[in-house]
Amino acid sequence: MGACGSKFLSKKKLKSKRISKRRVSFNKLDKIDECGKRDARCHSNSSTLLASKEFAWFDCCSALDQSEIDDDFYSVHDDFEDASTLRVASPRDSFNQKDQNGDAWNGQLPCVASAMSSDDKARVSSPRAPGAKRKLLSRLSFKFKEGHNNQNSFPPKVLLQRPKAGSSLSFCPLEKKMSNSWSPIEPSTFRVRGQNYLRDKKKDFAPNFAAYCPFAADVFLSQRKIDHIARFVDLPVIDSSEELPSILVVNLQIPLYPAAIFQGENDGEGMNLVLYFKLSESYSKDLPVHFQEHVNRIINDEVERVKGFPLDTINSFRERLKILSRLVNGEDLHLSTTEKKILNTYNEKPVLSRPQHEFYLGENYFEIDLDVHRFSYLSRKTFAAFQDRFKLCKLDFGLTIQENKTENLPENMLCCIRLNEIDYSNYRQLGV
């Protein structure tokens, strides 16, 4: 009886062990399935955190450190270096935000799409064993969509066909106030490399002469960048000069779509700020001979030998072209603390325009295109941050040629102008 009883108990224990093993195996599958779901949620949350608040991209300390290193810097740096300045915001920042158009944003990334096919979706919706579902989850991936969304699409308007130069912006004397206008400014208001710069690294006010003086300005919208824009504008007839082209056209190509870290084709909707200058009548008298020669070398696309280690290099003389820009009325914009730090660090900081410039020589004009679409992520992000307040800004813009020899200092101004409170939404697209 005892033997029979022990045999009965051992069979009962064996059966209970088999049942418990089966339960454990199913519990493991359920846990694996839950882990897969958690991984997917974590992947979604990490993607959401990357698209954090408007100014989550900026690192004040790194920007301030960089400004102390280089006096003149390039308009483009490696975007992978720019990405290192990103910080991750808290998960709360990912919700109830607004995008750059002021629309509510629910924390989801519009640029990320699932790569799952319709057959895979059907298999997920159908009842399957947990192992099959887990195997399918491991096959899912995500990919980035190319191009930009159409949130900033311009309303349909009649295209401008070969408008007269200066027909969109009005002239305004410097002492008066008028929105959507331009004003001439004194070249001596810009700081450039002084006479002893190579020794003491100090900037001085530029000589009060410029090779070209402003006579008009325009704003044109476009679905894509417009290169060599002077072809589509009716330029005035100005007495030509034997030395230099009588008209200088500067085309600032500014993006109006959100800035992206990993940008594809560097093109999309934007505006063209077109600035027109004419050759100064006293050009040959007021400006030094070496500066006149340097302007000619830029127009003729000459090259120069640059000393270096271990070998010298041959560079285009056009790589010396330098941009000077500044925000005049920053106190009127009610800037945040971060924005004030950016402004104090980079306002009127000289920028070599290479390699985001193109040059075109016409019958009586010379055009310089400056492509902001190709600037670094931080630069484009700053433009995007001020985009809605551009209509409140007074901006001074100038060009100079970098001088690297003491005998050629101080630097002289090629051209300069002020733009007053430009509201680009009031303007139309240019027909090309």
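The shown structure was predicted, so the numbers you read here are calculated from the model rather than taken from an experiment.

Our focus in this paragraph is the pairing of strand S20 (residues 413-420). Burial analysis of S20 places 8 of its 8 residues in the buried class, the great majority of the element. Inspection of the sheet shows strand S7 (residues 181-183) paired to S20 by 3 bridges, in the antiparallel sense. The residue of S20 that forms the bridge with Ser-181 is Asn-420. Note that strand S19 (residues 394-401) and S20 share 7 bridges and pair antiparallel. Across the sheet, the residue bridging to Lys-394 is Asn-420, located in S20.

A few words on unusual backbone geometry. For the peptide bond that leads from Phe-309 to Pro-310, omega is 5 degrees, which places it in the cis range. Each neighbour pair has its own omega, and for Leu-409 with Pro-410 the value is 0 degrees, a cis peptide bond. Of note, Pro-410 is situated in the loop between S19 and S20. You will see that Arg-162, though not glycine, has its phi angle at about 45 degrees, which is positive. Within the secondary structure layout, Arg-162 lies in the loop between strand S5 (142-144) and strand S6 (170-171). Phi is positive for Glu-348, which is not a glycine, with a value near 65 degrees.

A separate point is the packing of aromatic side chains. Throughout the structure, instances matching the rule amount to 3 aromatic pairs. Here Phe-171 and Trp-182 contribute two aromatic rings whose centre-to-centre distance is 5.2 Å and whose plane-to-plane angle is 65 degrees, an arrangement assigned as edge-to-face. With Phe-171 in strand S6 and Trp-182 in strand S7, the pair connects residues that are 11 residues apart, well separated along the chain. Take Phe-171: its relative accessible area is 45%, and that puts it in the partly exposed class. A residue is classified by how much of its surface remains accessible, and Trp-182, at 6% relative accessible area, is buried. Ring centres of Phe-215 and Tyr-276 lie 6.1 Å apart, and the angle between their planes is 35 degrees; on these two criteria the pair is classed as tilted. On the criterion of sequence distance, the pair formed by Phe-215 in strand S10 (residues 212-222) and Tyr-276 in strand S12 (residues 270-279) is long-range, its members being 61 residues apart. Judged by its relative accessible area of 22%, Phe-215 falls in the partly exposed class.

For the rest of this paragraph, the subject is the sheet that holds S10. Strand order in the open sheet formed by 5 strands is S10-S12-S11-S18-S17, and the pairing between neighbours is mixed. In this open sheet, the two strands that pair with only one neighbour each are S10 and strand S17 (357-361). On average, each strand axis in the sheet is tilted by 15 degrees relative to the strand beside it, whichever way the strands run.

Next up on the list: empty space enclosed by the protein. Rolled over the atoms, a probe with the dimensions of a water molecule shows which regions are left empty. Following the criterion strictly, the structure yields 3 cavities of 30 Å³ or more and no others. Contributing to the lining of the second largest cavity are Tyr-212, Leu-248, Val-295, Ile-298, Ile-299, Phe-366, Ile-368, Ile-401 and Leu-414. Residue assignment for the lining of the second largest cavity shows that the elements contributing at least two residues are helix H8 (289-299) and strand S18 (365-371).

Definitions and limits used
The residue numbering used here restarts from 1 in each chain and proceeds along that chain's sequence as written. Since the coordinates come from a predicted model, pLDDT governs what is reported: local features require at least 70, and pairs of side-chain atoms require 80 or more to be given and counted, while whole-chain, interface and lining totals use all residues. In computing side-chain properties, one takes all heavy atoms of the structure into account and sets aside hydrogens as well as water. Burial classes: relative accessible area under 20% of the type maximum marks a residue as buried, over 50% as exposed, and values in between as partly exposed (1.4 Å probe, protein chains only). Under the DSSP-based scheme used, a helix requires at least four consecutive residues in state H or I and a strand at least two consecutive residues in state E, with every element numbered from the N terminus. We treat two strands as partners when DSSP finds at least two bridges between them. In this analysis, rings of Phe, Tyr and Trp, with Trp reduced to its six-membered ring, are considered paired at centre separations within 6.5 Å, and the interplanar angle assigns stacked below 30 degrees, edge-to-face beyond 60, and tilted for intermediate values. Simply put, an axis is a line fit to the C-alpha atoms, just over the touching stretch for a helix, and the angle between two N-to-C directions goes from 0 to 180 degrees. The method works on a 1 Å grid over the protein atoms by themselves. A cavity is a set of points holding a 1.4 Å probe that cannot get out, a pocket is an open set with protein on both sides within 12 Å along at least five of seven lines, and residues with an atom within 4 Å of a point line them. Grid points are joined across faces, edges and corners, and a volume is the space filled by probe spheres set on the points.

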